[in-house]
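# Overview (structure and organization)
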Amino acid sequence: MQKIKKYLLVIILLLGIIPAFSQVVSFRLTASSESQNIFASSLYGAKWMSLNHFFKTYGEINSINTEDWTLTATLSGKEYIFYANSTFYQINGKWYHLPTTVERLSYGLYIPEAEFIRILKQEAFPKVQYNPADRHYILSPSDFSIIDITLREMKNGTIVRIKTNTAFRKEHCRVWQGNNQYLYVSIYGASANMNKLSRKYSAGVIREIIPIMAKDMLQFNVKMRMKIDGLDYFIDPQSGDIVISLRHSYQKSTTPISETQIKNRWMIDTIVIDPGHGGKKSPGAIAPDGTMEKNIALDVSLRLGRLLESKLGVKVVYTREKDIFVPLWQRPKIANEAGGKLFISIHCNSVESSRPYGTETYLLSPKSTEKSIEIAARENKVIELEEDQERYKKLLSPEQYILSTMAQSVYMKDSEALAQAVESNYKNRMGCRTRGVKQASFIVLIGPAMPAILTEIGFISNWGELKNLKKDSYRQEIAYSLYLAIRDFKKNQEREIKDH
Ligand SMILES: [Zn+2]
């Protein structure tokens with residue numbers, strides 16, 4: 001009896017195995033990757049495929065319980081549990097129902113092919129595609145990691161977006177400018193449909209994009225119409241796209257502008273002064289004795305304005321002249337609409353410790369890093385009180401930040417020169433302790449289309465400096481130092497124009 005049982009078992013097993021090998025369901029991960037045949041079997045007039053074999057090939061089998069034939073497996077970060085002779089299965093602990101039971105055959109558990117493809121589509125490979133030509137399922141149909149290139153023309157530059165479907169890291173990319181009006185973009189491990197990405201542009205700073213496939217990288221040779229002033233690139237954390245921002249002054253319009261127009265454009269005839277904070281909503285820092293930053297900032301601003309008007313004869317525009325609240329986003333707008341040629345925001349510093357003192361002057365950081373946002377956090381804090389939160393959230397996101405700072409970045413060199421002049425005047429004229437010129441993501445510096453700085457004229461959290469800042473004569477000296485820095489900056493700038 002024992003022997004017969006054994007034979008029967010072998011026969012049953014063989015009967016199971018034979019159909020399993022006679023049928024398969026074929027998969028490829030991408031159109032060009034290796035083909036994998038998953039065991040299948042005919043049952044009740046349909047094709048059923050082996051879950052065990054599939055998960056072993058494309059996922060990972062965590063456990064097989066041979067007592068009740070439960071299969072636990074992982075695929076694309078999700079846990080699947082299938083049960084023999086059951087219409088139920090689980091994904092990540094949630095129960096689902098099949099129109100038929102899962103069957104146990106020669107190679108573990110089997111499920112109707114159509115049902116399993118539906119599950120794959122829903123849970124792991126949304127783009128899974130059947131290619132009837134070679135009778136394969138392609139799990140991730142997009143073969144190329146670089147899908148498209150788009151350009152977006154901005155006022156002061158161009159944004160190049162390289163669309164990807166693979167998560168490249170910044171280390172995979174290199175972007176640089178040659179000295180021959182070419183820009184080069186190398187992406188290691190990338191592939192693309194070369195014909196589709198080869199482009200010519202009749203207008204704009206980019207003349208042509210020529211993709212070249214090297215051994216282990218894809219390179220775009222980008223022919224430009226002029227040399228650009230600078231570039232930046234990053235991986236968009238949301239889409240995974242490679243985003244390159246090019247700063248340049250290439251104008252689409254060919255309307256000739258007269259020399260006087262060019263000169264007027266650069267003449268520093270309007271200066272915008274931005275007294276930090278204001279109104280009940282935003283007092284700024286408050287000293288232990290109740291002195292408020294907003295009042296010192298306004299006073300110094302008005303003193304500076306009067307000096308500039310009387311001594312330089314320039315037009316002065318204030319973002320506020322009284323103790324009122326002006327949202328941060330509105331301040332650069334006021335500056336731009338007034339046709340400002342220089343933007344200076346005046347603030348006082350404050351920290352928890354009473355020890356730190358001295359002056360520091362900021363320009364906008366070209367990169368919105370956590371560090372640069374953190375430094376600016378105190379001055380940006382007022383946005384929490386403003387209604388339009390979304391506006392700022394967007395503004396500080398990596399892509400939008402680069403787009404938004406583009407207008408400012410062409411003035412970066414000038415902003416830095418002005419910031420240096422301001423700090424050296426504080427130091428040399430007044431003996432202030434200078435903490436130097438720094439960069440941070442101040443919202444108020446993002447928008448102005450002109451050289452822009454933010455100066456912290458001292459710590460009101462420090463007793464000595466607070467005592468000084470409360471004196472009229474000291475505030476006048478600060479204003480005078482700022483005036484001198486602006487005067488010299490203006491002289492240099494305009495001399496350069498005349499020399500041209
Ligand atoms: Zn402030």
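Going by the structure above, here's the rest.
Residues numbered from 1 in each chain as written. Predicted model: local features only at pLDDT ≥ 70, side-chain atom pairs only at ≥ 80, totals over all residues. Heavy atoms only, no water.

### Some thoughts on the packing of aromatic side chains
Stated precisely, the cut-off is as follows: Two rings from Phe, Tyr or Trp (for Trp, the six-membered ring) form a pair when their centres are within 6.5 Å of each other. A pair whose planes differ by under 30 degrees is stacked, one over 60 is edge-to-face, and the rest are tilted. Counting from the N terminus, the helices are DSSP H or I runs at least four residues long and the strands are E runs at least two residues long. Here's how the labels work: a residue is buried when its accessible area is under 20% of the maximum for its type, exposed when over 50%, partly exposed in between, all with a 1.4 Å probe on protein chains only. A ring is scored as having a charge over it whenever the NZ atom of a lysine or the CZ atom of an arginine sits within 6 Å of its centre and within 35 degrees of its normal.
In total, this model carries 20 aromatic pairs according to the counting rule given. Where Phe 54 meets Phe 116, the ring centres are 4.9 Å apart and the plane angle is 75°; that geometry is what we call edge-to-face. You can see Phe 54 sitting in helix H2 (residues 51-58) and its partner Phe 116 sitting in helix H3 (residues 113-123), a full 62 residues away along the chain. Across the pair, exposure class does not vary: Phe 54 and Phe 116 are buried alike. Note on Tyr 182 and Tyr 184: the rings are 6.0 Å apart at their centroids and 20° apart in plane angle, and the pair reads as stacked. Here Tyr 184 falls in the buried class, since its relative accessible area comes to 15%. Through a chain of ring-to-ring contacts, three or more aromatic side chains come together here, namely Phe 27, Phe 54, Phe 55, Tyr 58, Tyr 80, Phe 82, Tyr 89, Tyr 96, Phe 116, Tyr 130 and Tyr 137. Here the basic side chain of Arg 174 rests over the ring of Trp 176, its NZ or CZ set 4.0 Å away from the ring centre.

### A word on the pairing of strand E24 (residues 342-349)
Convention followed: The criterion for strand pairing is that DSSP finds at least two bridges linking the strands in question.
Extensive coverage of E24 is indicated by the burial of eight of its eight residues. Burial of E24 is two-sided: the residues Leu 342, Ile 344, Ile 346 and Cys 348 facing one way and the residues Phe 343, Ser 345, His 347 and Asn 349 facing the other way are all buried. With five bridges connecting them, strand E22 (residues 270-275) and E24 associate as parallel partners. In the sheet register, Ile 273 faces E24, and the bridge partner there is Ile 344. Across six bridges, the pairing between E24 and strand E27 (residues 452-459) is parallel.

### Looking at helix H8 (residues 370-380)
Because an α-helix packs 3.6 residues into every turn, residues spaced three or four apart end up facing the same way. Just so we agree on the cut-off: Read the arc as the range of directions from the helix axis to the C-beta atoms.
Turning to H8, its buried residues are Ser 372, Ala 376, Glu 379 and Asn 380. One face of H8 carries all of its buried residues, which in axial projection span an arc of 75°. Opposite the buried face of H8, by more than 90 degrees, sit the exposed residues Glu 370, Lys 371 and Glu 374.

### Observations concerning the sheet that holds strand E21 (residues 242-247)
Note the cut-off: Fitted lines through C-alpha atoms give the axes, limited to the stretch in contact for helices. The angle between two N-to-C directions lies from 0 to 180 degrees.
Taken together, four strands build an open sheet; the order of strands is E13-E14-E21-E20 and the sheet is antiparallel. Looking at the sheet topology across the chains shown, the edges are occupied by strand E13 (146-154) and strand E20 (230-235). Neighbour-to-neighbour, the strand axes of the sheet open up by a mean angle of 15°, direction not taken into account. Relative to strand E14 (residues 157-164), E13 runs antiparallel, the two being bridged by eight bridges. Each bridged residue has a counterpart across the sheet, and for Ile 146 the counterpart in E14 is Thr 164.

### Regarding the sheet that holds E22
With mixed pairing, the six strands of this open sheet are ordered in space as E23-E22-E24-E27-E25-E26. Two strands lie at the open edges of the sheet, namely strand E23 (315-318) and strand E26 (434-440), each paired on one side alone. Between one strand and the next, the sheet's axes are offset by a mean angle of 25°, whatever the strand orientation. In this sheet, E23 lies alongside E22 in parallel orientation, the contact comprising four bridges.

### Quick notes on the side chain of His 347
Applicable threshold: Each polar contact in these results corresponds to two N or O atoms within 3.5 Å; when the atoms are within protein, one needs to be able to donate a hydrogen and the other to accept it, and residues that are neighboring in sequence are counted only if both atoms are side-chain atoms. Throughout, a contact is declared for two residues whenever any of their heavy atoms are within 4.5 Å.
Its location among the elements puts His 347 in strand E24. The exposure class assigned to His 347 is buried, which follows from its relative accessible area of 5%. At a separation of 3.0 Å, a polar atom in the side chain of His 347 contacts the side chain of Glu 293. For His 347, the side chain forms a polar contact with the side chain of Glu 379, separated by 2.9 Å. Non-local contacts of His 347, meaning those with residues more than four positions away in its chain, are made with Gly 276, His 277, Glu 293, Glu 379, Leu 454, Thr 455, Glu 456 and Ile 457.

### Examining the environment of Gln 439
Structurally, Gln 439 is set in strand E26. What makes Gln 439 partly exposed here is its relative accessible area of 37%. Excluding residues that lie within four positions of it along the chain, Gln 439 makes contacts with Tyr 362, Leu 363, Leu 364, Ser 365, Pro 366 and Ile 375.

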